[in-house]
Amino acid sequence: NDDPGSAYKRYADAVNPTGKRAVPQLGRASIQTLMGDATEINVVAVNGMVLGGETVDVLKDDGEPKNDNAISIALTVRLGGFDYFIGGDLTGGGDSTPDVETPVARVVGDVDVLHANHHGSKTSNNEFFLRTLNPEHVVISVGDDGLNRARYRLPSGPVMELMDEFDFIQRIFQTSAGATQASPDRLRKVSNEDRDVVIIADPASYSINGTSFPVDALRE
């Protein structure tokens, strides 16, 4: 809303006044956080460019994207021992999309929490990406009505089945039930929160909607 104190209003005020999309640089993001320098936010991918120098061909000669999702901005958020990854609709090679996830995974490594790319779509969340990030918990933002139920059926059945197979993934927190076609016996880890999924972290632990977990380094 337009409330001067709202997050959206602060975002809108920071947007380039020309209306053109601003593209962040790779590396440490100049974002003021409530935790100050203790919280480190890194841009690890944008427009097919990956931190460390690798580039995936995602743009046409005129600069327009070959696939809108492939140009997604991917971020890591780190606070002490807590590591979180969010990559928007970043693609991983499924359905012939550019595979940006694989080089990103090599840069990011192990995290505590993964926000699944593209609502759990099969265009994203490839096996190498999931194995390399090795998350204990996954968050999936997904709707359970409208176009999703009529057409997309997210999160993808194969992606949910893959997550079910990986022992390192303990729980999957969804903002709604979604419209997956995965069989119920492959959804044992899923918690349908039917609300926002809120993560609160400190350097040694974090909670997801009130349930607390230790960071990787302190797990038995």
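Coordinates for the structure precede this section.
Residues numbered from 1 in each chain as written. Predicted model: local features only at pLDDT ≥ 70, side-chain atom pairs only at ≥ 80, totals over all residues. Heavy atoms only, no water.

The next thing to look at is unusual backbone geometry. The peptide bond linking Leu 154 to Pro 155 adopts the cis configuration, its omega dihedral lying at 0°. Relative to the helices and strands, Pro 155 is located in the loop between helix H4 (146–152) and helix H5 (157–165). Phi at Asp 95 is positive, roughly 55°, even though this residue is not glycine. Tracing the backbone through its elements, the reader meets Asp 95 in the loop between strand E5 (82–86) and helix H2 (101–108). For Asp 95, a relative accessible area of 53% gives the class exposed. In this structure, Asn 125 takes a positive phi of about 60° despite not being glycine. By the secondary structure assignment, Asn 125 is in the loop between strand E6 (113–115) and helix H3 (127–133). (Helix = DSSP H or I, 4+ residues; strand = E, 2+ residues; numbered from the N terminus. Buried < 20%, exposed > 50% of the residue type's maximum accessible area, 1.4 Å probe, protein only.)

Restricting attention to buried positions, one finds in H5 the residues Gly 157, Val 159, Met 160, Leu 162, Met 163 and Asp 164. Buried residues in H5 make contact with H3, strand E7 (137–140), strand E8 (171–174) and strand E9 (190–192). (Contact = heavy atoms within 4.5 Å.)

Generally speaking, soluble globular proteins have nonpolar side chains that are buried together. In terms of nonpolar packing, the biggest core is built from 33 residues, with Phe 85, Val 100, Val 104, Leu 133, Val 138 and Met 163 touching the most fellow members. Elements represented by at least two residues in this core include exactly strand E2 (39–46), H2, H3, E7 and H5. By residue number, the principal contributor to this core is H5, which donates four residues. Those residues in contact with Val 138, other than ones at most four positions away along the chain, are Leu 114, Ala 116, Met 163, Ile 169, Arg 171, Ile 172 and Phe 173. Listed in part, the ten residues of the second largest apolar core include Val 113, Val 197, Ile 208 and Val 215. (Core = buried A, V, L, I, M, F, W, Y, C linked by side-chain atoms within 4.5 Å.)

Attention now moves to a negative patch on the surface. Taken together, the side chains of Asp 61, Asp 62, Glu 64 and Asp 68 present a region of like negative charge at the surface. The topology assignment puts Asp 61 in the loop between strand E3 (49–50) and strand E4 (74–79). (Patch = residues over 30% accessible without salt bridge, like charges linked within 9 Å, V, L, I, M, F, W, Y side chains within 5 Å. Areas by Shrake-Rupley, 256 points an atom, 1.4 Å probe, with all protein chains shown as cover. Salt bridge = Lys/Arg side-chain N within 4 Å of Asp/Glu carboxyl O. Lys, Arg positive; Asp, Glu negative; His and termini not counted. Charge placed at Lys NZ, Arg CZ, Asp CG, Glu CD.)

Turning to the packing of aromatic side chains, a few remarks are in order. Inspection of every chain in the model, using the stated rule, returns four aromatic pairs. On the numbers, 5.5 Å between centres and 70° between planes, the contact of Phe 85 with Phe 129 is edge-to-face. Of this pair, Phe 85 sits in strand E5 while Phe 129 sits in helix H3, placing them 44 residues apart in sequence. Phe 129 gets classed as buried once you look at its relative accessible area, which sits at 0%. Measuring from ring centre to ring centre gives 5.6 Å for Tyr 206 and Phe 213, while their planes differ by 35°; the resulting arrangement is tilted. In this structure Tyr 206 comes out as buried when scored by relative accessible area, which is 2%. On the basis of relative accessibility, which here comes to 12%, the residue Phe 213 falls in the buried class. Aromatic ring contacts, followed pair by pair, group Phe 82, Tyr 206 and Phe 213 into a single cluster. (Phe/Tyr/Trp six-rings, centres within 6.5 Å; stacked < 30°, edge-to-face > 60°.)

Side chains that carry opposite charge are capable of pairing whenever their charged atoms lie near each other. By the definition in use, this model includes ten salt bridges. A salt bridge links Asp 164 to Arg 186; its shortest N-O distance comes to 2.9 Å. Placement of Asp 164 in helix H5 and of Arg 186 in the loop between E8 and E9 is noted, with a sequence separation of 22 residues between them. Residue Arg 188 pairs with Asp 164 through a salt bridge whose shortest N-O separation is 2.8 Å. One end of the pair, Arg 188, is in the loop between E8 and E9; the other, Asp 164, is in helix H5, with 24 residues separating them in the sequence. The exposed category is assigned to Arg 188, whose relative accessible area is 62%. By relative accessible area, which is 8% here, Asp 164 ends up buried. Sharing partners across several salt bridges, the network here consists of Asp 164, Glu 165, Arg 186 and Arg 188.

Backbone-to-backbone hydrogen bonds pair the strands of a sheet. The strands run either parallel or antiparallel. Across the sheet, three strands lie side by side as E10-E11-E12; this open sheet has antiparallel pairing. The sheet is open, and its two borders are formed by strand E10 (199–202) and strand E12 (211–214), each paired with just one other strand. When strand polarity is set aside, the average angle formed by the axes of neighbouring strands in this sheet is 20°. As judged from the four bridges shared by strand E11 (residues 205–208) and E12, these two strands associate in the antiparallel manner. Note that in E12 the partner of Ser 207 across the bridge is Ser 212. (Pairing = 2+ DSSP bridges. Axes fitted to C-alpha atoms, helices over the stretch in contact; angles between N-to-C directions.)

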